[in-house]
Structures are given as structure tokens and as C-alpha cells.
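Examination of the molecular architecture
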Amino acid sequence: MVIPLFVGRAKSTKAIEEAMLSQQELFLVAQKDAEKESPEIDEIYEVGTVATILQLLKLPDGTVKVLVEGKYRAQAEKYYFADDYLHAKIEPLNDEQLSEQHFEQLSRSLLAQFEEYAKLNHKIPTEIFASLAAIQDASRLVDTIVAHINLKLVDKQVMLETPSVHLRIEKLMALIEAEMDLIHVEDKIRGQVKNQIEKSQREYYLNEQMKAIQKELGDLDDEPSDIEKIENKINTLGLNKEAKEKSINELKKLKSMPAMSAESTVSRNYLDWMVSLPWKKKTKIKKNLEEAIKVL
């Protein structure tokens, strides 16, 4: 791939400057913890990519923008600091190639699965499929597809470290399958939330319509309706959980019933009784035995 990198660390900038003076090549490798500002040698992965510097631009804030092109995989046999930047002694990693027939079978399955993934993930440009179809090298095909999938760093590193193209294709297909499952779950949750919002909006709209009709008929003025008063009492009187749930359900039924129906009268009487109980009011206990004898 050809990608831009923004480099701000002094050690990395120094390494780029030195590379520009020789073969213009860098060993690009990820650190295990992205938050670490100055990782130790054992906190850096050993497998990375040898890349050529195509373009270099120094920005006003001191950052260096460098355009690099990845060439081949390599493994660091040794890291060491010298001249204020990190050096690596590397060994190229050769891909284990596939036969033409085997490549045809696996690539067809991989491309079909990637197309399914692209239908779910709408961020993948359609023109990528034309370029993928033209790739005849199995390793390049896998690496190109990986670049267009939303994977964690550790998963990308596993793909980078797998020399067998056959195993890399199998791992990639498993990762794509997992990503598709995740997208399906996200879509399901998003759909449920949308339906719930639509239901709430529909109920609000219908209630507002009912109020408007009642007001037009002269049944509703600017004062809170009896139902609204009951609803306010349910929310403020301190009913216990079970009583509040039952009252709210009964209130919903009451709102949907015709005002003159028998069922409406039953629900209304029940709610009136519920909100008239002294849920949080307590009377002082009288401990006068003589008074109790007199009452009894």
C-alpha cells in the first residue's frame, strides 16, 4: 500500500532523515500499546513491513509527513539504539505460495464473502472490486482486502505474521464472518431502538390528537384533565413499585377507552381509590391504654 504517515517523535524523525540519505527504506512496525509515548524494545512487535519513502514534507509544527509504499514483510532479528534512533536487523519473510487451482478456489470464496461484507458495511467503495478481480497474486489479494476491513490492531498483526497464504485466507474469512455477525447485531439493536422511538412518537401524536378533538368538542380547557391529575398523583404520591406499575397500566387502558363505557368507569374508580390511599402519610401511634379501653 501507499499511505501517508505523520511522524512527531524525535527518534522517528531522525530515522527518516537517515533513511533519506541512503536507500530511502524504513522498517515500519507497530507498538503493542498505542498509548505509550516511548515504548521499550520488548514493547514493539517483531514482524513489520519494509517500505520505501516516496515523499517527505516537513510541516510548520515540526511534524514530518512522509509518504511510504510497503514492499515486503520482514522480521526483526535484533533491535538496538544507535545515533539517537532505533535500528533493526531484519530477515525477509517469504510467502508460502498456492497452486493456481488452489488460489482460484480460495480467492473465489474470499471475494464472495468480502462482497457480502461490503453490502453490510456501506463505507467500502464499489471500485475496489474491479481492482481486486485483477489481482493474480494470492498474498497481495489477502493484504488488499485486510486493508478495507475494520479490524483491531492485534488481528491485523496476526495477519501480517502469518507466512502461509492459505492460513491467512482462512483467518481472514473467519475475521470477516465475525465482523458480519457484529454488524447484524448492531443493525438489530438499531432497529429495536428505532421501533421503540417510533412507537413512543406515535403514542404521543395520537394522545395530542385526542386532546385536540376533545378541546374542539368543548370537553377540554387549559386546566389539566382528570386523567392528567391522576397521572400526576401516581408519579408524586410515592406508590410502591408494584402499585405504581399496576396503576400506570390501568391508566393506559383508561386513556384508550371511550369515556362513557362501563370498563372506563371501573378503571376510573380503581385509580381514584389507588391515589386516595395515604402511601407516604403516617399517623402518630397513640399509646394511651385508657383511651384504647374507652374506644373499645
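Relevant structure appears above.
As the structure is a computational prediction, the values presented were derived from the model and not from experiment.

So, how was this worked out
One numbering rule holds for all chains: residues counted from 1, following each sequence as written. Since the coordinates come from a predicted model, pLDDT governs what is reported: local features require at least 70, and pairs of side-chain atoms require 80 or more to be given and counted, while whole-chain, interface and lining totals use all residues. Excluding hydrogens and water, the side-chain values take into account all heavy atoms of the structure. Where helices and strands are cited, they refer to DSSP runs of H or I of at least four residues and of E of at least two residues respectively, numbered from the N terminus. In this scheme, a helix's expected span is set at 1.5 Å multiplied by one less than its residue total. Whether a residue is buried, partly exposed or exposed follows from its accessible area with a 1.4 Å probe, protein chains only, as a fraction of its type maximum: under 20%, in between, or over 50%, in that order. Contact criterion: two residues are considered in contact whenever any of their non-hydrogen atoms come within 4.5 Å of each other. Only the contacting stretch of a helix is used when fitting its axis, a line to C-alpha atoms as for every element, and angles between N-to-C directions run 0 to 180 degrees. Oblique is the label for every angle not falling under 35 degrees (roughly parallel), over 145 degrees (roughly antiparallel), or within 65 to 115 degrees (roughly perpendicular). In a left-handed crossing the near helix is turned counterclockwise from the far helix by less than a right angle, and in a right-handed crossing that turn is clockwise. Working definition: a ring pair exists when centres of Phe, Tyr or Trp rings (six-membered ring for Trp) sit within 6.5 Å. Plane angles under 30 degrees give stacked, over 60 give edge-to-face, the rest tilted. DSSP calls a pair of strands paired once it identifies at least 2 bridges connecting them.

It is worth spelling out helix α2 (residues 100-120) at this point. For α2, spanning 21 residues, the distance from its first C-alpha to its last is 30 Å, which sits close to the expected 30 Å at 1.5 Å a residue. When α2 is considered as a whole, its buried residues turn out to be Phe103, Leu106, Ser107, Leu110, Leu111, Gln113, Phe114, Tyr117 and Ala118. Turning to α2, the residues buried within the fold contact α3 (128-133), α4 (138-146) and α6 (165-216).

Secondary-structure assignment places Asp155 in helix α5 (residues 153-161). In sequence terms Asp155 and Leu175 are 20 residues apart; their C-alpha atoms lie 8.3 Å from each other.

Between α2 and α6, the least distance of the axes is 10 Å, while the angle of their chain directions is 20°. Relative to α6, the element α2 is oriented roughly parallel. Seen from above, α2 lies across α6 with left-handed handedness. Contact with α2, carried on its side by His102, Leu106, Ser109, Leu110, Gln113, Glu116, Tyr117 and Leu120, involves His166, Ile169, Leu172, Met173, Ile176, Glu177, Glu179, Met180, Ile183 and His184 of α6 and no other residues of that element.

A few words on the packing of aromatic side chains. Per the stated rule, a full pass over the model turns up three aromatic pairs. Plain terms: the ring middles of Phe114 and Tyr117 are 6.3 Å apart, the flat faces sit at 25° to each other, and that makes the pair stacked. Placement of the pair is Phe114 and Tyr117 together in helix α2, with a separation of three residues, close to one helical turn. For the pair Phe114 and Tyr117, a shared accessibility class is recorded, and that class is buried. Ring geometry for Tyr270 versus Trp273: centroids 6.1 Å apart, planes at 45°, classification tilted. Of the two residues, Tyr270 and Trp273 both sit in helix α9 (residues 262-276), three residues apart, roughly one turn of that helix.

This next bit is on the pairing of strand β4 (residues 64-82). Where strand β1 (residues 2-7) lies against β4, six bridges are found, and the strand directions are antiparallel. If you follow Phe6 over to β4, its bridge partner there is Lys65. Strand direction decides the pairing type here: strand β3 (residues 47-58) and β4, joined by 11 bridges, are antiparallel. Bridge pairing in β4 places Leu56 opposite Val66.

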